[in-house]
Amino acid sequence: LKSVPPPFPMSHGTTTLAFIFQGGVLAAADTRSSCSGLVACPASQKVLPIHSHLVGTTSGTSADCALWKRILARELRLYQLRHGRRLSTGGAAKLLSHMLHPFKGTELCVAATLCGCSGPSLVYVCSDGTRLKGTLFSVGSGSPYAYSILDQEVHWGLTVNKAVSVAREAVYRATHRDAYSGNCVDVFHVTSKGWTRLASFTILIHNSYLRKLINGKSVE
Amino acid sequence: MEYLVGIQGPDFVLVAADNVAASSIIQMKHDYDKMFKLSEKILLLCVGEAGDTVQFAEYIQKNVQLYKMRNGYELSPAAAANFTRKNLADYLRSRTPYHVNLLLAGYDETDGPGLYYMDYLSSLAKAPFAAHGYGLNKRFILNLPSFTVRVIDKEGIHDLENLTLGAK
């Protein structure tokens, strides 16, 4: 496969995260789409629903992620029609990984975490071939900063509200330090009943975190 | 930085692998199992390029199981090792070579325990002990936090306690 040289240098600027806890699976991401130094879109969707019980975070090249998510949604629906049951999260991840394998070594860049709740499960799939099942993942240029919050705060027994605030803070801290992450925070909560999208939080919550620093009160 | 090690004893093979799945400098998982069970008494330990490892190891695993289904008996460790090496060699001069380093450990009823070393250039050597990577814990700049340990003997594959070594 001969690849066409990219028209301008692309950076994989994003912060996405997902973790499993007692209330299901939580996925969050920022909404900034960057094109080298330009914020191409301040309101892009990086957490995309694939079907009613499966949600995927995306990182890498926006166009590649959007396309492959649609292809995955189509293939999962075909599987469901042919076999009469839904493919598990692990199965969906394996399907995506095998579909991306022929493009290994090309410019294709997709790094997704699939969050599903047929038995809460979380799988990280990357276009370089990695496929990892786990309980906590963060992907993107802002991921080290997000990990610093998540590694401390995330545990199984979190309440839903606390989990949402931890996810929100992790993305916020990443957007604070990473130039390629910013704007708003999208949070999705997946349970056995399906996914729900929580209200998009803007990073003007910076003010409330600043107050936390001054007053020592916790932010909800 | 990944590590595999195998030691062949008089009637067993002991193998260990580190537990880190990394993406550049970030540890994405610290409890990742790099051993693939080919049959009741054969383990394939696989490290190398992301994606290539799982794809290649699962391909070998499924083919070894298929052999058993078709023929009614299992491949011996020596046969499995040579089959693996042939596949690596066939892909080596293709457009999609697999960049994987392997250890295959098994127990054969007639030949006893065996440890086979293979690398990404599809070399194959039967050795009494073998390793891939750096497992030093006091002299190396990076420390791998924990290791999965298993032993294969005539009874089959047994899990041993995970090794967690800290820098002392």
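The residue numbering used here restarts from 1 in each chain and proceeds along that chain's sequence as written. Labels are handed out in written order, letters beginning with A for the chains and numbers beginning with 1 for the ligands. The predicted nature of this model means local features are confined to residues of pLDDT at least 70 and side-chain atom pairs, given and counted, to a pLDDT of 80 or more, with totals for whole chains, interfaces and linings taken over all residues. Neither water nor hydrogens contribute to the side-chain values; these are computed over all heavy atoms in the structure.

Engineer: I'm lost on the overall build of chain B in this one. Help?
Structural biologist: Starting at the N terminus, helices and strands are each numbered in turn, a helix being any DSSP run of H or I of at least four residues and a strand any DSSP run of E of at least two. The helix and strand tally for chain B stands at two helices and 12 strands. Along chain B, helices (α) and strands (β) appear in the sequence β-β-β-β-β-β-α-α-β-β-β-β-β-β when read from the amino end. For the radius of gyration, the atoms used are the C-alpha atoms, and the globule rule reads 2.2 Å times the number of residues raised to 0.38. For 168 residues, the compact-globule estimate of 2.2 N^0.38 gives 15 Å, and chain B sits close to it at 16 Å. When its C-alpha atoms are laid out on the principal axes, chain B stretches across 50 × 40 × 25 Å. The cut-offs for exposure are 20% and 50% of the maximum accessible area for each residue type, with area from a 1.4 Å probe on protein chains only; residues under the lower value are buried, those over the upper are exposed, and the others partly exposed. Within the span of chain B, comprising 168 residues, buried residues form 46% of the whole. By definition, residues are in contact when any of their heavy atoms lie within 4.5 Å. Taking all contacts inside chain B whose residues are at least 6 apart in sequence as the whole, residues at least 24 apart take part in 57%. Accessible surface computed for chain B: about 9,100 Å², of which carbon and sulfur atoms make up 54%. This count recognises Lys and Arg as positive and Asp and Glu as negative, with His and chain-terminal groups excluded. Charge positions come from single atoms, namely NZ of Lys, CZ of Arg, CG of Asp or CD of Glu. Distance between charge centres in chain B, computed from 17 positive and 19 negative side chains, equals 4 Å. Where accessible areas are quoted, they stem from the Shrake-Rupley method and a 1.4 Å probe; at the residue level, only the protein chains shown are allowed to cover.

Engineer: I keep staring at the UniProt feature "active site" (unreviewed entry) in chain A and nothing clicks. Help me out?
Structural biologist: All names here are of chain A. Residues given the UniProt feature "active site" (unreviewed entry) here are Thr14. With respect to the helices, strands and loops of the structure, Thr14 is situated in the segment before β1 (16-21). Polar side-chain contacts of Thr14 include one of 2.7 Å to the side chain of Lys46. UniProt positions are given in the numbering used here, feature names are shortened, and annotations may be inferred rather than shown by experiment. For this analysis, a polar contact is any N or O atom pair within 3.5 Å, provided that within protein one partner can donate a hydrogen and the other can accept it, and provided that sequence-adjacent residues contribute only side-chain to side-chain pairs.

Engineer: When you look at helix α1 (residues 52-71) of chain B in this model, what are you seeing that I'm missing?
Structural biologist: Residues lying three or four places apart along an α-helix face the same way, a consequence of the helix completing one turn every 3.6 residues. For a helix, the expected span equals 1.5 Å multiplied by the number of residues minus one. Across its 20 residues, α1 of chain B extends 28 Å between first and last C-alpha, which sits within 8% of the 28 Å expected from 1.5 Å per residue. Residues of α1 of chain B that are buried include every one of Asp52, Thr53, Val54, Gln55, Phe56, Ala57, Glu58, Ile60, Gln61 and Val64 of chain B, and no others. Among the structural elements, α2 (89-100) and β9 (131-134) of chain A together with β5 (35-39), β6 (42-48), α2 (77-92) and β7 (100-108) of chain B are those in contact with the buried residues of α1 of chain B.

Engineer: What is the right way to look at the packing of α1 of chain B against α2 of chain B in this model?
Structural biologist: Two measures define how a pair of helices packs: the angle their axes make with one another and the distance between the axes. Residues and elements named next belong to chain B. Closest axis-to-axis distance for the α1/α2 pair is 11 Å, and the angle between their directions is 135°. Overall, the two elements α1 and α2 adopt an arrangement that is oblique. Of the two possible hands of crossing, α1 and α2 adopt the one that is right-handed. Across from Phe56, Tyr59, Ile60 and Asn63 in α1, the residues of α2 making contact are Phe83, Thr84, Asn87 and Leu88. Residue classes follow a fixed rule: Ala, Val, Leu, Ile, Met, Phe, Trp, Tyr, Cys and Pro count as nonpolar, while Asp, Glu, Lys and Arg count as charged, and any other residue, Gly among them, counts as polar. Here the residues of the contact of α1 with α2 are counted per class, giving five nonpolar, three polar and no charged. To get an axis, fit a line to the C-alpha atoms, keeping to the stretch in contact for a helix; angles then go from 0 to 180 degrees between the N-to-C directions. Under this scheme an angle from 65 to 115 degrees is roughly perpendicular, one under 35 degrees roughly parallel, and one over 145 degrees roughly antiparallel; angles in between are oblique. Helix crossings fall into two classes, left-handed where the near helix is turned counterclockwise from the far one by less than a right angle and right-handed where it is turned clockwise.

Engineer: When you look at the nonpolar core in this model, what are you seeing that I'm missing?
Structural biologist: General note: in soluble globular proteins, nonpolar side chains tend to be found buried as a group. Residues enter a nonpolar core if they are buried and are Ala, Val, Leu, Ile, Met, Phe, Trp, Tyr or Cys, with the set joined through side-chain atoms within 4.5 Å. Ranked by internal contacts, the top residues of the largest apolar core, which has 42 residues, are Cys115 and Tyr124 of chain A together with Leu44, Leu102 and Leu104 of chain B. Here this core takes five residues from α1 of chain B, the largest share from any one element. Setting aside residues no more than four positions away along its own chain, Tyr124 of chain A makes contact with Ala111, Ala112, Thr113, Thr130, Arg131, Leu132, Phe137 and Val139 of chain A together with Ser23 and Met28 of chain B. If you look at the next biggest cluster of nonpolar residues, it comprises 20 residues, including Phe21, Leu136, Ile149 and Ala174 of chain A.

Engineer: Looking at this structure, how should I read the pattern of salt bridges?
Structural biologist: Whenever Lys or Arg places a side-chain nitrogen within 4 Å of a carboxyl oxygen from Asp or Glu, that contact is recorded as a salt bridge. Counting across every chain of the model gives 19 salt bridges over all chains. With its nearest N and O atoms 2.9 Å apart, the salt bridge here joins Arg197 of chain A to Asp186 of chain A. Of this pair, Arg197 of chain A sits in strand β12 (residues 194-202) while Asp186 of chain A sits in strand β11 (residues 184-191), and the two are 11 residues apart along the sequence. Between Lys41 of chain B and Glu109 of chain B there is a salt bridge, and its shortest N-O distance comes to 2.6 Å. Linking Lys41 of chain B in the loop between β5 and β6 with Glu109 of chain B in the loop between β7 and β8 (112-118), this pair joins segments that are 68 residues apart in sequence. Using a relative accessible area of 17% as the deciding quantity, one classes Lys41 of chain B as buried. A residue is classified by how much of its surface remains accessible, and Glu109 of chain B, at 59% relative accessible area, is exposed. Ionic contacts of the salt-bridge type, sharing partners, join the residues Lys94 and Arg131 of chain A together with Glu58 of chain B into one network.

Engineer: Would you mind showing me how to read the sheet that holds strand β11 (residues 146-153) of chain B here?
Structural biologist: The strands that make up a sheet pair up through hydrogen bonds in the backbone, lying either parallel or antiparallel. All names here are of chain B. Taken in spatial order, the five strands line up as β10-β1-β2-β11-β12 in an open sheet, and their pairing is antiparallel. Looking at strand neighbours, the two that pair on one side only are β10 (129-132) and β12 (156-164), the edges of this open sheet. On average, each strand axis in the sheet is inclined to that of its neighbour by 15°, with strand direction left out of account. Pairing of strand β1 (residues 4-8) with strand β2 (residues 13-18), which is carried by five bridges, proceeds in the antiparallel orientation. Of the residues in β2, the one forming a bridge with Gln8 is Val13. Paired strands are those between which DSSP finds at least two bridges.

Engineer: When you look at the interface of chain A and chain B in this model, what are you seeing that I'm missing?
Structural biologist: Listed by partner, the interface residues are 18 residues for chain A and 15 residues for chain B. Roughly 1,200 Å² is buried in total at the junction of chain A and chain B, and carbon and sulfur atoms are behind 53% of that figure. The buried area of a pairing is the accessible area, by a 1.4 Å probe, that goes missing from both parts when the two are put together, added over both. When the buried surface of chain A facing chain B is broken down by residue, His101, Lys104 and Leu132 of chain A rank first, second and third, together holding 34% of it. The tally of links between chain A and chain B comes to four salt bridges. In this structure, Glu49 of chain B and Lys104 of chain A form a salt bridge, with 2.9 Å as the shortest nitrogen-oxygen distance. Remark: the boundary between chain A and chain B carries six residue pairs in polar contact (both at pLDDT 80 or more). Those elements that provide at least two residues to the side of chain A that touches chain B are α2, β9, β10 (136-139) and α3 (143-153) of chain A. Per-element tally for the side of chain A that touches chain B: the top contributor is β9 of chain A, with four residues.

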